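Fold and contact review
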Amino acid sequence: MDVAYFQFLYDYNYWANGRLLRAAEGISDAQFIAPTAHSHGSLRGTLAHTMMAEWIWLSRWQGVSPTALIREEEFPTLAALIARWRDEETKLRAFLSGLTDADLTRVIHYTNTRGQAFARPLWEMLAHVVNHGTQHRAEASAMLTALGRSPGDWDFIYFADERSDFSLRSK
């Protein structure tokens, strides 16, 4: 396990987020906030939750345990959410670029928003954030597909193919 692996994994995470957010561009503000049967109530709720997870975990890794989540209403439009997410991505990538391989096994102590204390090695939390994003990208993809705006394929292997000259695909 090394930092380069996690940097690659986060490159994938933001590549997939980008595909999803590009597919969402052009939806109306009403579609952005419209209620759905998905876990976070709307496309805005799902995307805001996913971005907030990246924010809260980075905060914890940096020694701050936020006591409340960012409210989704702070993002009245998709453009507002994208702007904030780009800022969070920049901060998270800067954090990753400062890590050493030894940092990955460092135990991070934090408190969740309900005041419960936890401790985990950093590498587990880094993996969790990407996996969590995958779950909610799938939900958001379903919502966008229902609106006729499918983000297409964002499987990891497609990202890896784009990033590498190595491929076992027949030519």
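These notes cover the structure that comes with them.

What counts and what doesn't
Residues numbered from 1 in each chain as written. Predicted model: local features only at pLDDT ≥ 70, side-chain atom pairs only at ≥ 80, totals over all residues. Heavy atoms only, no water. Helix = DSSP H or I, 4+ residues; strand = E, 2+ residues; numbered from the N terminus. Rg over C-alpha atoms; globule rule 2.2 N^0.38 Å. Buried < 20%, exposed > 50% of the residue type's maximum accessible area, 1.4 Å probe, protein only. Contact = heavy atoms within 4.5 Å. Areas by Shrake-Rupley, 256 points an atom, 1.4 Å probe, with all protein chains shown as cover. Lys, Arg positive; Asp, Glu negative; His and termini not counted. Charge placed at Lys NZ, Arg CZ, Asp CG, Glu CD. Expected span 1.5 Å × (residues − 1). Pairing = 2+ DSSP bridges. Core = buried A, V, L, I, M, F, W, Y, C linked by side-chain atoms within 4.5 Å.

**Looking at the overall build of the protein chain**
Along its length, the protein chain carries six helices and two strands. Traced from its N-terminal end to its C-terminal end, the protein chain shows the element sequence α-α-α-α-β-β-α-α. In terms of C-alpha radius of gyration, the protein chain reaches 17 Å, essentially the compact-globule figure of 16 Å for 171 residues. Projected onto its principal axes, the C-alpha coordinates of the protein chain cover approximately 50 × 45 × 25 Å. Taken over 171 residues, the protein chain has a buried fraction of 43%. The contacts in the protein chain between residues at least 6 apart in sequence include a share of 72% that link residues at least 24 apart. Counting only carbon and sulfur atoms, one obtains 54% of the accessible surface of the protein chain, whose full area is about 9000 Å². Put simply, the protein chain has 17 plus and 20 minus side-chain charges, and the middle of one group is 2 Å from the middle of the other.

**Re helix α5 (residues 122-146)**
Residues lying three or four places apart along an α-helix face the same way, a consequence of the helix completing one turn every 3.6 residues. Across its 25 residues, α5 extends 37 Å between first and last C-alpha, which sits within 8% of the 36 Å expected from 1.5 Å per residue. Just downstream of α5, G148 is the residue with a positive phi angle, here 80°.

**Considerations on the environment of E139**
Relative to the assigned elements, E139 resides in helix α5. With relative accessibility at 14%, the residue E139 sits in the buried group. It is 14 Å that separates the C-alpha atoms of E139 and A23, two residues lying 116 residues apart in sequence.

**Description of the environment of L104**
As for its placement among the helices and strands, L104 is situated in the loop between α4 (78-97) and β1 (107-111). Each C-alpha atom of the pair L104 and D2 lies 7.5 Å from the other, and the pair is 102 residues apart in sequence.

**Considering the pairing of strand β2 (residues 117-121)**
In this sheet, β2 lies alongside β1 in antiparallel orientation, the contact comprising five bridges. Among the inter-strand pairings, I108 is bridged to a residue of β2, identified as R120.

**A short note on the nonpolar core**
Ranked by internal contacts, the top residues of the largest apolar core, which has 43 residues, are Y10, L43, L47, W57, W61, L99 and L126. The set of elements that each furnish at least two residues to this core consists of α1 (3-24), α3 (43-61), α4, β1 and α5. Looking at this core element by element, the count peaks at 11 residues for α3. Core analysis: the next-biggest nonpolar cluster, separate from the first, contains five residues, Y12, W15, W154 and F159 among them.

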